[in-house]
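# Commentary on secondary and tertiary structure
The residues making up each chain are set out below.
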Amino acid sequence: MTDIIVNKVDKPGVLPTDDKLGFGKIFTDHMFVMDYETGKGWHSPRIIPYGEFAFVPATIVFHYGQAIFEGMKAFRAANNQIAVFRTKQYLNRFNRSAGHLCIPPIDVEEVQAGLFKLLELEKDWIPGTLGTSLYIRPFIISTDGYIGVKVASTYKLFIILSPVGAYYDNGFNPVSIKVEDKYVRATKGGLGQAKTPANYAMSLSAQAEAHKEGFDQVLWLDAVHRKYVEEVGTMNIFFKINGEIITPELSGSILGGITRHTVLELAQNWGLKATERQISIEEVYEAHAKGELEEVFGTGTAAVISPVGELSWKGQKIKINNNQTGEFSKKLFDFVTGVQYGSVPDEFNWMDKVNN
Ligand SMILES: *Cc1c(COP(=O)(O)O)cnc(C)c1O
């Protein structure tokens, strides 16, 4: 592994108070950067001040979108232990996304070392109040200055850090979700299983319309039959029906969430029946009609667990658990956040310690 060069800012900034944090608005003083060139591989890992960078207008990523990203979190426990949740799971997924976009894979150990060095330098930027954290955004862009559709031969990897406030300010707020029947997000053979900007570009029209109609989020159905439930777009989706935990199987058009994986492991560990399978929206509505749809919730790094209080499909609205957070959703949230903030023992070794 090459040494990481560190170029520090002259005057470090200060972490704002919790009420000013929000999500993704504030960035720390430094970032991690690495370059790739065909023949040379990934090289020149360095930590430099966070700031503007210059690219020529022809830079290929602006035109053809060869890019990927990740979203992970570091936490400060009450004893000031700083730790990252499931680092390798996220960085391995980064490499799977790279594969789908013809981006050269990273050395996970090397990037983790760079990230941890950056976190040590920025440790005063990590808030410690329950619910707050340091959001970590690694991304790779293609940087050839060339207008033509091809796989690039040069890339840059960045890791930027953003202190974020509590997702839930005053307790859980179940969300209302529109089941999308006009637009589609991804299809088998496409990019749905990669964490790439294209999937978000695909989701904007639907999200804008749903917002106008008063919904918080969109639930995507499969692009072929418009029948099977896929995901929420920034979250995977779970149903609790008659005691069984069900989430759509990773069919090729769904992002394999780390939180999804964590919930499946926990449910099984707690002795519940947890199943990954195709589930149609009709089945969800039928379960509701029979009084068997106990809980619906989304899973993702930002919210951890997001209870769903209402679904609307072709104008038909159903209320879930009386628009209240379910017992299982609450138990999952409390357990995962408890491990993250150090109040619950880390029996599954999810937390990677940054300092000693
Ligand atoms: C990141 C993401 C998720 C959630 O994944 P986590 O690893 O749990 O954060 C779900 N769907 C899409 C499309 C995503 O990009």
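Residues numbered from 1 in each chain as written. Predicted model: local features only at pLDDT ≥ 70, side-chain atom pairs only at ≥ 80, totals over all residues. Heavy atoms only, no water.

For the protein, an unreviewed UniProt entry supplies the name Branched-chain-amino-acid aminotransferase and the organism Desulfosporosinus lacus DSM 15449. Regarding the protein, the relevant UniProt record gives this comment under Cofactor (unreviewed entry): "pyridoxal 5'-phosphate". Looking at the Sequence similarities (unreviewed entry) heading of the UniProt record, one finds this comment for the protein: "Belongs to the class-IV pyridoxal-phosphate-dependent aminotransferase family." (UniProt positions renumbered as here; feature names shortened; annotations may be inferred.)

Leu 119, Ile 136, Ile 140, Leu 157 and Ile 159 are the most contacted members of the largest nonpolar core, which totals 62 residues. The residues contacting Ile 159, other than those within four sequence positions of it, are Met 31, Phe 32, Val 111, Leu 115, Leu 118, Ile 136, Arg 137 and Pro 138. The next biggest cluster of nonpolar side chains, apart from the first, holds 24 residues, and it includes Ile 177, Val 229, Ile 246 and Trp 313. (Core = buried A, V, L, I, M, F, W, Y, C linked by side-chain atoms within 4.5 Å. Buried < 20%, exposed > 50% of the residue type's maximum accessible area, 1.4 Å probe, protein only. Contact = heavy atoms within 4.5 Å.)

Moving on, we get to the site of the ligand. Inspection of the region around the ligand gives 16 residues, with Lys 195, Tyr 200, Glu 231, Thr 259 and Thr 301 positioned closest. Glu 231 is positioned with one of its side-chain polar atoms (N or O) 2.5 Å from a nitrogen atom of the ligand. Measuring from an oxygen atom of the ligand, one finds a side-chain N or O atom of Thr 259 at 2.6 Å. If the ligand stood free it would expose 380 Å²; the protein chains cover 96% of that surface. Mapped by element, the contributors of at least two residues to the shell around the ligand are helix 2 (87–100) and helix 5 (258–269). Broken down by class, the residue content of the shell around the ligand amounts to five nonpolar, seven polar and four charged. (Near = heavy atom within 4 Å. Polar contact = N/O pair within 3.5 Å; in protein donor to acceptor, adjacent residues only side chain to side chain. Areas by Shrake-Rupley, 256 points an atom, 1.4 Å probe, with all protein chains shown as cover. Helix = DSSP H or I, 4+ residues; strand = E, 2+ residues; numbered from the N terminus. Nonpolar A, V, L, I, M, F, W, Y, C, P; charged D, E, K, R; others polar.)

All right, on to the packing of helix 2 against helix 3 (residues 108–121) then. Working note: a packed helix pair is described by the angle between its axes plus the distance between those axes. Put simply, helix 2 and helix 3 touch, their axes get as near as 10 Å, and they point 125 degrees apart. With respect to each other, helix 2 and helix 3 are oriented oblique. The chirality of how helix 2 crosses helix 3 is right-handed. Side by side, helix 2 and helix 3 meet where Thr 87, Lys 88, Leu 91, Asn 92 and Asn 95 of the first sit next to Val 108, Glu 109, Val 111, Gln 112, Leu 115 and Phe 116 of the second. Considering only residue class, the contact of helix 2 with helix 3 consists of five nonpolar, four polar and two charged. (Axes fitted to C-alpha atoms, helices over the stretch in contact; angles between N-to-C directions. Parallel < 35°, antiparallel > 145°, perpendicular 65-115°, else oblique. Left-handed = near helix turned anticlockwise from the far one by under 90°.)

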